[in-house]
Amino acid sequence: RQAQIGVTGLAVMGRNLARNFARHGHTVAVHNRTATRTRELVAEFGHEGDFVPAESARDFVAALERPRRLVIMVKAGAPTDAVIDEFAPLLEPGDMIMDGGNAHFEDTRRREAALRERGLHFVGCGISGGEEGALLGPSIMPGGSAESYRALGPLLESISAKVDGEPCCAHIGPDGAGHFVKMVHNGIEYADMQLIAESYDLLRRVAGYAPDRIADIFRKWNTGRLDSYLIEITAEVLAHNDAATGGPFVDIVADRAEQKGTGRWTVQTALDLGVPVSGIAEAVFARSLSGHNELRAAARELPGPERPELHPDDAARFTENVEQALYASKIVAYAQGWHLIQAGSKEYGWDIDRASVAAIWRGGCIIRARFLDEIRAAYGGERAPVTLLADPGFAEALRAAQNAWRHVVATATELGVPAPGFSAALAYYDALRAGRLPASLVQGLRDYFGAHTYERTDRDGSFHTLWGDDRGERPA
Ligand code: 6PG
């Protein structure tokens, strides 16, 4: 019998994705470099649907109906190239290879171009939702040709998460668009997590609350506008007690945050495209800083302010302010993420529908949140806002939050609690709304030491001042 789709690479993500296809009534060919994994999958989960196990690459390819749809779920980087090199010679024009790993979008562009030459479709596809999402319904962000989406889309939509009956899967755009958008998703994920971590830190160190109390606060926040998967699991993690010590789990975990690289890619790409993603960048740097043991040890004795705890009444008010600061900073992080999507779309000619990105992130993915309905609405209208901050709904939320937001950043600063995510977000907000920026002085300095020239506010053209001479100005 012929399989509609094949999955090669049966580590946990690949295995769960294959099971998800099978559970939705698709016949799935399964293959793994070491065949024991393939056999285990069929032995353990064969009853869930129709699997066609294949031990060799040739058998795997032969098991697929044409045009073939082949999903590779291996480690990003060299292993992905190796698997492509193994399968591409066995395929025929019109066949499709989908890469469901966290590949860098530039790699996806390169692979897509190379396979297109051979008449093959290469679909770089972002998949979010972790192990559980892969099995029960992830958010799916496929790139590649529109033609390949016509063949792959219905299968992917069938296994994706659904929100109000709509699949959390949509064709993002050609070549690397899907992996680009997945990368930005992860950058935003970093920012969300950093803002949550700062909120926790402030509630703990400024308001003086214990982790289980903070868990209750997050649980409550999760019933309001912050309703999201990450807020929900924050309450779970904070309420958890370590079995060995009996104390809060969060106190026993080493405070060094790791990263696999997608957040860093987001910032690197933003630097290349000239997009200020300061909130996301602070999140990446905060993780990086946390891992520098030696640096932290060397600075351990540096003085900070006296740190009195707040009065309980003030603590309650402070908690409300932190909610406002968190929400406002979150708006900024998403505004920066969407700006980057827009810039990438323009640079690479992808024509990404920004409302659709918000729509498919409402379910299945790590940053799924009620909030994304509003972003979808903001980009769904006649005229897209230049920045999310200027969307009337978000502008009003920022107006209402700004005093609380400033108070939280000021309190954190005064009491010596680092809040880089909150501060960077607020600085971005204030910089964008400023009538004049001191960039004029930066231009003056550049002109002074390097004759780099400047423009004027009152006339067109470029100018240079003769700093070493009579300080006369001349057109450059
Ligand atoms: C997802 C996640 C997933 C991965 C994170 C972890 O969307 O399902 O983002 O892709 O677990 O990227 O990334 P770090 O290890 O860099 O935190």
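Residues numbered from 1 in each chain as written. Predicted model: local features only at pLDDT ≥ 70, side-chain atom pairs only at ≥ 80, totals over all residues. Heavy atoms only, no water.

Chemist: Any chance you could explain the pattern of salt bridges here in plain terms?
Modeler: Note on pairing: side chains with opposite charge can pair once their charged atoms come close. What the rule picks out here adds up to 33 salt bridges. Between R225 and E323 there is a salt bridge, with the nearest N and O atoms lying 2.9 Å from each other. Of the two residues, R225 sits in the loop between α9 (211-221) and α10 (229-239) while E323 sits in helix α15 (residues 312-348), which places them 98 residues apart along the sequence. The buried category is assigned to E323, whose relative accessible area is 14%. A salt bridge links E396 to R399, with the nearest nitrogen and oxygen atoms 2.8 Å apart. Placement of both E396 and R399 in helix α18 (residues 392-415) is noted, with a separation of three residues, approximately one turn of the helix. R399 gets classed as exposed once you look at its relative accessible area, which sits at 52%. (Salt bridge = Lys/Arg side-chain N within 4 Å of Asp/Glu carboxyl O. Helix = DSSP H or I, 4+ residues; strand = E, 2+ residues; numbered from the N terminus. Buried < 20%, exposed > 50% of the residue type's maximum accessible area, 1.4 Å probe, protein only.)

Chemist: Help me understand the packing of aromatic side chains in this model?
Modeler: In this description, an aromatic ring pair is defined by two values, namely the gap between the centres and the angle between the planes. One pass over the structure, following the stated rule, counts 16 aromatic pairs. Relative to W467, the ring of Y448 has its centre 5.1 Å away and its plane inclined at 40°; by these criteria the two rings are tilted. Of this pair, Y448 sits in helix α20 (residues 439-450) while W467 sits in the loop between β11 (462-465) and β12 (473-475), placing them 19 residues apart in sequence. A relative accessible area of 25% means that W467 is categorised as partly exposed. An aromatic cluster of three or more residues is present, and its members are Y327, Y334, W338, W361, F371, Y379 and F394. In this arrangement the basic side chain of R287 is found over the ring face of Y190, its NZ or CZ atom lying 3.5 Å from the centre. Above the face of the Y229 ring, R368 is positioned so that its terminal group lies 4.0 Å from the ring centre. (Phe/Tyr/Trp six-rings, centres within 6.5 Å; stacked < 30°, edge-to-face > 60°. Lys NZ or Arg CZ within 6 Å of the ring centre and 35° of its normal.)

Chemist: I would appreciate a short explanation of the site of the ligand in the present structure.
Modeler: Around the ligand, the surrounding shell holds 15 residues, and the nearest of these are S128, E189, Y190, K260 and R287. Side-chain polar atom of R287 to an oxygen atom of the ligand: 2.8 Å apart, as the coordinates give it. When the free accessible area of the ligand is taken as 410 Å², the share hidden by the protein chains comes to 79%. Broken down by element, the residue count for the shell around the ligand peaks at five residues, all from helix α8 (residues 177-205). Across the shell around the ligand, the residue classes break down as two nonpolar, nine polar and four charged. (Near = heavy atom within 4 Å. Polar contact = N/O pair within 3.5 Å; in protein donor to acceptor, adjacent residues only side chain to side chain. Areas by Shrake-Rupley, 256 points an atom, 1.4 Å probe, with all protein chains shown as cover. Nonpolar A, V, L, I, M, F, W, Y, C, P; charged D, E, K, R; others polar.)

Chemist: I tried to follow helix α12 (residues 262-273) on my own but got confused; where do I start?
Modeler: Helical geometry note: an α-helix holds 3.6 residues per turn, so side chains three or four residues apart project in the same direction. In this model α12 runs 16 Å from its N-terminal to its C-terminal C-alpha over twelve residues, within 8% of the 16 Å that 1.5 Å per residue would give. Among the residues of α12, those classed as buried are T262, G263, W265, T266, V267, T269 and A270. Those residues of α12 hidden inside the fold are in contact with α5 (105-117), α8, α13 (278-290) and α15. Among the residues trailing α12, G274 stands out with phi positive, at a value near 70°. (Expected span 1.5 Å × (residues − 1). Contact = heavy atoms within 4.5 Å.)

Chemist: I keep staring at the packing of α13 against α15 and nothing clicks. Help me out?
Modeler: To characterise two packed helices, one gives the angle between the axes of the helices and the distance between these axes. Running from N to C, α13 and α15 point in directions that differ by 105°, and their axes come no closer than 7 Å. Between α13 and α15, the angle falls in the class roughly perpendicular. The segment α13 lies against α15, with S278, G279 and I280 engaging A333, Q336 and G337. Residues that form the contact of α13 with α15 fall into these classes: two nonpolar, four polar and no charged. (Axes fitted to C-alpha atoms, helices over the stretch in contact; angles between N-to-C directions. Parallel < 35°, antiparallel > 145°, perpendicular 65-115°, else oblique.)

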